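Chains, contacts and geometry: an overview
For reference, the chains in residue letters:
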Amino acid sequence: MKMMIPIQGPFWNVKRHDWEEWQKTIQIELFSLNNKNVFRPIVITPENINLVGYKWVFVRKVNEKNEVTRYKARLVAQGFSQRPGIDFEETYSPVMDAITFRFLMSLTASKNLEMHLMDVVTAYLYGSLDNDIYMKLPEGLKMPEALKEKSREICSVKLQRSLYGLKQSGRMWYNRLSEYLLSKGYVNNAICPCVFIKKSSSGFVIIAVYVDDLNIIGTQKEVDDARTHMKEEFEMKDLGKTKFCLGLQIEHLREGIFVHQSNYTKRLLKRFYMDKATPLSTPMIGRSLNVESDPFRPCEDSEKILGPEVPYMSAIGGLLYLANCTRPDIAFATNLLARYSSAPTRRHWDGIKHVFRYLQGTIDLGLMYFRKPEFGMVGFADAGYLSDPHKARSQTGYVFTIGGTAISWRSQKQTLVATSSNHAETIAFHEACRECVWLRSMSQHIQEASGIVNEKEPTKIFEDNSFCVAQLKEDYIKSDRTKHIPPRFFSYIRELEKNKEVDIEYVRSCENPADLFTKALPTTTFRKHVYGIRMRHLRDL
């Protein structure tokens, strides 16, 4: 079936200064669809068929320097019109999470491995559909001679491949890629289903999958072999050493790997007109736990709730992305301000601007994974008792480091009312242990499948409440101070310690970096803990 770009038509009449670039990429997209046999021959639409619409989507792709590298056009199906149980069944498709990606970067730096990025061209088109789906005729498809006299409105085209936009497209592509990699001798695990590993006599290779972006990590020969057999099966773009992936800028330095989001931070500040603001030294002012004087108290009856003209939720979304990827230093402030998204006031908006002003002075701050032989995982847990005095809730904070650099962290308001600081610390430690179990499973699977020697020692988790540490080490002790705490918190932690999965240790509060995630800190203490989890400025490296 031949495809062509029509000369006339309302879609193509609008001309821009860069129209030639868009015209080229439209032709490339249509050629790709034709080459991969996405469409069956055009037919008159059968009766009782739910037609799926379409839309053209245009994007400019940028590199790590925020420069436009190429124009991209995509013909997508309007999957929102699909009917569950008829047009699709399962839709879930796993993707690599940020924590696993940070672990892989720390592994790359520690073992001095290669790290390359490849992109699958029109990845979804490799997946086959398991349902009959008919789509309206998109502009660009030429009517066949037999149907030339018919109206385009009564005609449709049956899809053979999982076109972008369909509910099940992501799942079909993942199944196709997974089947191919498993057939080539790779292994993966339900713990991290998007990490495929292959070990050989001379080394190993890890392929970390995020939809159509493949990070290939390992020893030189195995990485080259992986790149070769991926090109044999799929149309690939070899982007060389990973420098920009999933919005993260990755710098390969002599001392190790530095990951940051400087360009994203600049765009975020410019978007909210804070790119010329005066910098501040911390992301949050010191708080008072007095209910009446707390600047972040809920909206009062005399206060006015901000309207839609103030992009409060949009700002929170931008900050959460930073806090979850490379900026643990703003995790607590962002978590606190996000609680008021439904009814923000001017006080809360001032708090967001305070975070922006802090970012203005720390644009190039990121995580530095050093090249050093130590690769042990260490955890720190802490709780901010009555961090939310308005609802009598405390704050859980923990951070896990590998080689001293943070790979996993969390700042979260507790769902239970803690009646004492010991109670709050026990809940926080319980949450840290849950995260530790998954981190150990993920890291051990990757290292064992890669053939890396991994000594199964318990993970040290440090806590700054001495009574809580003693209590957890000795199992549940009924006393006036603990009888109200559910025994399950003690039993779970004690079982992990007996199985030599965790080792509970005491640390002084001033040496506990988890303090970053439970409270607003003075500038000196804040900077000390930020430096302690290996956050560095790019200009200093």
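Look above for the structure.
Residues numbered from 1 in each chain as written. Predicted model: local features only at pLDDT ≥ 70, side-chain atom pairs only at ≥ 80, totals over all residues. Heavy atoms only, no water.

Notes on the overall build of the chain
Each helix and strand in the chain was counted, giving 12 helices and 22 strands. Against the compact-globule benchmark of 24 Å for 541 residues, the chain has a radius of gyration of 27 Å, which places it among compact chains. Dimensions of the chain, computed from C-alpha atoms along their principal axes, come out at roughly 85 × 70 × 50 Å. Buried positions account for 52% of the 541 residues belonging to the chain. For the chain, the exposed surface amounts to about 25300 Å²; the carbon and sulfur share of it is 51%. Looking at the chain, you have 75 positive and 63 negative side-chain charges, and the mean spots of the two groups are 3 Å apart. (Helix = DSSP H or I, 4+ residues; strand = E, 2+ residues; numbered from the N terminus. Rg over C-alpha atoms; globule rule 2.2 N^0.38 Å. Buried < 20%, exposed > 50% of the residue type's maximum accessible area, 1.4 Å probe, protein only. Areas by Shrake-Rupley, 256 points an atom, 1.4 Å probe, with all protein chains shown as cover. Lys, Arg positive; Asp, Glu negative; His and termini not counted. Charge placed at Lys NZ, Arg CZ, Asp CG, Glu CD.)

Considerations on the packing of aromatic side chains
Enumeration over the complete set of coordinates arrives at 14 aromatic pairs. Here Trp56 and Phe58 contribute two aromatic rings whose centre-to-centre distance is 6.4 Å and whose plane-to-plane angle is 15 degrees, an arrangement assigned as stacked. For Trp56, a relative accessible area of 8% puts it in the buried group. Aromatic pair Phe380 and Phe462: ring centres 5.3 Å apart, planes at 20 degrees, arrangement stacked. (Phe/Tyr/Trp six-rings, centres within 6.5 Å; stacked < 30°, edge-to-face > 60°.)

Some points on a positive patch on the surface
Together, Lys65, Lys241, Lys243 and Arg371 make up a positively charged patch on the protein surface. Take Lys65: its relative accessible area is 58%, and that puts it in the exposed class. (Patch = residues over 30% accessible without salt bridge, like charges linked within 9 Å, V, L, I, M, F, W, Y side chains within 5 Å. Salt bridge = Lys/Arg side-chain N within 4 Å of Asp/Glu carboxyl O.)

So, the sheet that holds strand β2 (residues 51-52)
A sheet is described by the order of its strands in space; here 4 strands give the open sequence β1-β7-β6-β2, paired in mixed fashion. Of all the strands in the sheet, the pair left with one neighbour each is β1 (39-44) and β2. (Pairing = 2+ DSSP bridges.)

A word on the side chain of Ser408
Position of Ser408 relative to the elements: it lies in strand β19 (residues 405-413). Look at Ser408 and you get buried, because its relative accessible area is 1%. A distance of 2.7 Å separates a polar atom in the side chain of Ser408 from a polar atom in the side chain of Glu435. Beyond its immediate stretch of four places on either side in the chain, Ser408 contacts Ile99, Arg102, Tyr398, Val399, Phe400, Glu435 and Leu439. (Polar contact = N/O pair within 3.5 Å; in protein donor to acceptor, adjacent residues only side chain to side chain. Contact = heavy atoms within 4.5 Å.)

As for the sheet that holds strand β12 (residues 236-241)
Strand order in this open sheet of 6 strands is β8-β9-β10-β11-β5-β12, and the pairing throughout is antiparallel. Each edge of the open sheet carries a strand with a single partner, namely β8 (187-189) and β12. Across the sheet, the mean angle from the axis of one strand to that of its neighbour is 25 degrees, orientation sign disregarded. Summarising the sheet, strand β5 (residues 114-120) and strand β11 (residues 213-218) pair through 6 bridges and their orientation is antiparallel. Looking at β11, one finds that Asp119 is bridged to Asp213. In this fold helix α2 (residues 98-111) packs onto β5, β9 (192-199), β10 (204-210) and β11, with an angle of close to 140 degrees to the strand it touches most, β5. On the sheet, helix α3 (residues 169-183) packs against β5, β8, β9, β10 and β11 and is oriented at approximately 20 degrees with respect to β9. (Axes fitted to C-alpha atoms, helices over the stretch in contact; angles between N-to-C directions.)

Brief notes about the packing of α2 against helix α9 (residues 421-450)
In contact at an axis separation of 11 Å, α2 and α9 are set at 50 degrees when each is read in the N-to-C sense. In terms of orientation, α2 and α9 fall into the oblique class. Of the two elements, α2 crosses α9, and the hand of that crossing is right-handed. Residues Ile99, Thr100, Phe103, Leu104 and Leu107 of α2 form the contact with α9, whose own contacting residues are Glu435, Trp438, Leu439, Met442, Ser443, Ile446 and Gln447. The residue makeup of the contact of α2 with α9, split by class, is 8 nonpolar, 3 polar and 1 charged. (Parallel < 35°, antiparallel > 145°, perpendicular 65-115°, else oblique. Left-handed = near helix turned anticlockwise from the far one by under 90°. Nonpolar A, V, L, I, M, F, W, Y, C, P; charged D, E, K, R; others polar.)

Observations regarding the state of the cysteines
Using the criterion set out here, one finds 0 disulfides in the structure. Cysteine Cys433 shares no disulfide, and the gap to the nearest cysteine sulfur, in Cys436, comes to 6.5 Å. On the basis of relative accessible area, Cys436 is assigned to the buried category, the value being 0%. (Disulfide = S-S within 2.5 Å.)

Some words on the packing of helix α5 (residues 262-271) against helix α6 (residues 312-325)
At a minimum axis separation of 11 Å, α5 and α6 run at an interaxial angle of 165 degrees. For the element pair α5 / α6, the angle class is roughly antiparallel. Judged by the twist between their axes, the crossing of α5 over α6 is left-handed. Residues Tyr264, Thr265, Leu268 and Arg271 of α5 form the contact with α6, whose own contacting residues are Ser314, Gly318, Leu319, Tyr321 and Leu322. Of the residues that constitute the contact of α5 with α6, the class distribution is 5 nonpolar, 3 polar and 1 charged.

Re the pairing of β10
Burial analysis of β10 places 6 of its 7 residues in the buried class, which makes it a mostly covered element. Looking at chain direction, β9 and β10 are connected through 5 bridges and run antiparallel. Counted as the bridge partner of Val195 is Ala208 from β10. Hairpin connection of β9 to β10: 4 residues between the antiparallel strands. Inspection of the sheet shows β10 paired to β11 by 6 bridges, in the antiparallel sense. The residue of β11 that forms the bridge with Tyr210 is Asp213. Between β10 and β11, which pair antiparallel and follow one another directly, the connecting turn spans 2 residues, one of which, Val211, has a positive phi of 60 degrees.

Looking at the environment of Pro311
Among the secondary structure elements, Pro311 is positioned in the loop between α5 and α6. The class for Pro311 is partly exposed, based on a relative accessible area of 34%.

Focus: the environment of Arg83
Counting through the fold element by element, Arg83 comes out in the loop between β4 (68-77) and α2. Taking the C-alpha atoms as reference points, Arg83 and Asn50, 33 residues apart in sequence, are found 8.2 Å from one another. In contact with Arg83, not counting residues within four places along its chain, are Asn50 and Phe88.

Bear in mind that shape data such as this cannot, by itself, settle questions of function.
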